[in-house]
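Chain by chain, the residues run as shown.
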Amino acid sequence: DEWQLIEENLDFDEVLFCDDGTLETMDWSKLSHRERLILKAIDGRSSAREIVDKLEVSPFDAYKTLYELLRSRLVRRRAA
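Residues numbered from 1 in each chain as written. Predicted model: local features only at pLDDT ≥ 70, side-chain atom pairs only at ≥ 80, totals over all residues. Heavy atoms only, no water.

**Q** Give a description of the overall build of the chain that names residues and reports values.
**A** In terms of helices and strands, the chain carries 5 helices and 2 strands. What you see in the chain, going N to C, is helices and strands ordered as α-β-α-α-α-α-β. Taking 80 residues into account, the globule formula puts the C-alpha radius of gyration at 12 Å, and the chain, at 12 Å, falls close to it. Counting only C-alpha atoms, the chain reaches 30 × 30 × 20 Å along its principal axes. Out of the 80 residues in the chain, the part that is buried amounts to 39%. Long-range contacts, defined as pairs at least 24 residues apart, comprise 72% of the intrachain contacts of the chain with a sequence gap of at least 6. Total accessible area on the chain stands at roughly 5,100 Å², and carbon and sulfur atoms take up 45% of it. For the chain, the distance from the average site of its 13 positive side-chain charges to the average site of its 18 negative ones is 5 Å. (Helix = DSSP H or I, 4+ residues; strand = E, 2+ residues; numbered from the N terminus. Rg over C-alpha atoms; globule rule 2.2 N^0.38 Å. Buried < 20%, exposed > 50% of the residue type's maximum accessible area, 1.4 Å probe, protein only. Contact = heavy atoms within 4.5 Å. Areas by Shrake-Rupley, 256 points an atom, 1.4 Å probe, with all protein chains shown as cover. Lys, Arg positive; Asp, Glu negative; His and termini not counted. Charge placed at Lys NZ, Arg CZ, Asp CG, Glu CD.)

**Q** I'd like to hear about helix α5 (residues 59–71), residue by residue, with values.
**A** Here α5 is 13 residues long and its end C-alpha atoms lie 18 Å apart, about the 18 Å a rise of 1.5 Å per residue gives. Those residues of α5 lying buried are A62, Y63, T65, L66, Y67, L69 and L70. Each element contacted by the buried residues of α5 is listed here: α1 (2–9), β1 (16–18), α3 (33–41), α4 (48–54) and β2 (75–77). R73 occupies a position one or two residues after α5 and carries a positive phi of about 70°. (Expected span 1.5 Å × (residues − 1).)

**Q** Can you break down the packing of aromatic side chains residue by residue, with the values?
**A** Applying the stated criterion across every chain, the model contains 4 aromatic pairs. Between the aromatic rings of W3 and F60, the centroid separation amounts to 6.0 Å while the plane-to-plane angle is 45°, which identifies the pairing as tilted. Of the two residues, W3 sits in helix α1 while F60 sits in helix α5, which places them 57 residues apart along the sequence. Here the aromatic rings of F12 and Y63 are separated by 4.3 Å at their centres, their planes lie at 35°, and the arrangement is tilted. In this pair, F12 sits in the loop between α1 and β1 while Y63 sits in helix α5, placing the two residues 51 residues apart along the sequence. For the residue pair F12 and Y63, the accessibility class agrees, reading buried in each case. Members of the aromatic cluster, each reached through a chain of ring pairs, are W3, F12, F60 and Y63. Between the NZ or CZ atom of R78 and the centre of the ring of F17, over which it lies, the distance is 4.3 Å. (Phe/Tyr/Trp six-rings, centres within 6.5 Å; stacked < 30°, edge-to-face > 60°. Lys NZ or Arg CZ within 6 Å of the ring centre and 35° of its normal.)

Pasting the structure below:
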C-alpha cells in the first residue's frame, strides 16, 4: 500500500530543503507540474506537513511526490 510506504519513510514534521547542487543541473522540463510546484514551495524552514498544507494539491499526491523527490535526492531532510 503506497500510503503505508510513505508514512514509514517520511516524517511529516521533518524540515525539508532542496539540494541546490542537484537542482542546478536538473532539466526542469523533465519534471511534472506537481514536482515543480512542490519544489518551489520548499523553503528549507517548513516541515513536510507545512509544505503540503500550502499547496492546492491533494495531500496524498503531495506526500507521494515529496517521497519520490526524497528518493531521487532532489529534496533532503534537514539535520536535527
